[in-house]
Amino acid sequence: MTQGLDVRLLDVDELTSPADRARMLAPQLKALSDPNRLHLLLLLAEGSRTVRELTDAAGMSQTLVSHHLAPLREQGLVTITPKGRSNVYSLCCEALAGPVKTLATLAALTPEGADACCAP
């Protein structure tokens, strides 16, 4: 099944085992495993941005931002929309913003993260 943004939704019925699901999910999680990439996704969860805006917000060089956006694009986690002489990067779909923010909260070494993770 496909939505308007060419995001393939998993049909759990077509997957025969947890091992199949893990094999399908592993490349996306690998793309998310780098702290710089996750930082860029968190910035994009706040809204679409150009490379220049990501560079300024993340404190990374343009080359480093572009380097880390490449695997996110390859895995379909971010999209590019040309705008004038720039490209605007966005999350692949709004549905990704919530889980990315939740993961960041759970992983944060803050009381909020601990409460969210360990709440009964």
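All of these numbers come straight from a predicted model, not from anything done at the bench. (Residues numbered from 1 in each chain as written. Predicted model: local features only at pLDDT ≥ 70, side-chain atom pairs only at ≥ 80, totals over all residues. Heavy atoms only, no water.)

> Provide a residue-level description of the pattern of salt bridges, including the pertinent values.
Side chains bearing opposite charge may pair, as long as their charged atoms lie close to each other. According to the stated counting rule, one finds three salt bridges in the structure shown. With a shortest N-O distance of 2.5 Å, R23 and D20 are connected by a salt bridge. One end of the pair is R23 and the other is D20, both in helix α1 (residues 18-32) and three residues apart, which spans about a single turn. Since its relative accessible area comes to 56%, R23 is described here as exposed. In this structure, D56 and R52 form a salt bridge, with 3.7 Å as the shortest nitrogen-oxygen distance. With a gap of four residues between them, D56 and R52 both fall in helix α3 (residues 51-58), about one helical turn apart. Across the pair, exposure class does not vary: D56 and R52 are exposed alike. (Salt bridge = Lys/Arg side-chain N within 4 Å of Asp/Glu carboxyl O. Helix = DSSP H or I, 4+ residues; strand = E, 2+ residues; numbered from the N terminus. Buried < 20%, exposed > 50% of the residue type's maximum accessible area, 1.4 Å probe, protein only.)

> Residues and numbers for the nonpolar core, please.
Ranked by size, the top nonpolar core spans 22 residues in total, and within it L40, L54, L69 and L72 carry the most contacts. Among the elements of the structure, α1, α2 (35-46), α3, α4 (62-74), β3 (86-91) and α5 (94-107) are those that each provide at least two residues to this core. Here this core takes five residues from α2, the largest share from any one element. The contact partners of L54, leaving out residues within four places of it in the chain, are L40, L43, L44, R49, G59, V65, L69 and Y89. (Core = buried A, V, L, I, M, F, W, Y, C linked by side-chain atoms within 4.5 Å. Contact = heavy atoms within 4.5 Å.)

> Describe the environment of V88, and please don't skip the residues or the numbers.
Within the secondary structure layout, V88 lies in strand β3. V88 sits 37 residues away from V51 along the chain, and the two C-alpha atoms are 7.3 Å apart. Setting aside chain neighbours within four positions, we find V88 in contact with S48, R49, T50, T79, I80, T81 and K83.

> Account for the packing of α2 against α3, naming residues and giving values.
Where α2 meets α3, the axes come as close as 11 Å, and the angle between the chain directions of the two elements is 115°. With respect to α3, the axis of α2 lies roughly perpendicular. Remark: the crossing between α2 and α3 carries right-handed chirality. Between α2 and α3, the residues in contact are H39, L40, L43 and L44 and L54, A57 and A58, respectively. When the residues that make up the contact of α2 with α3 are grouped by side-chain class, the tally is six nonpolar, one polar and no charged. (Axes fitted to C-alpha atoms, helices over the stretch in contact; angles between N-to-C directions. Parallel < 35°, antiparallel > 145°, perpendicular 65-115°, else oblique. Left-handed = near helix turned anticlockwise from the far one by under 90°. Nonpolar A, V, L, I, M, F, W, Y, C, P; charged D, E, K, R; others polar.)

> An account of the pairing of β3 is needed here, citing residue identities and associated values.
The sheet contact formed by strand β1 (residues 49-50) and β3 spans two bridges and is antiparallel. Within the sheet, the bridge partner assigned to R49 lies in β3 and is Y89. The sheet contact formed by strand β2 (residues 78-83) and β3 spans six bridges and is antiparallel. Residue pairing for β3: V78 is matched across the bridge by L91. Counting the residues that bridge the hairpin from β2 to β3 gives two residues, and of these G84 lies at a positive phi of roughly 65°. (Pairing = 2+ DSSP bridges.)

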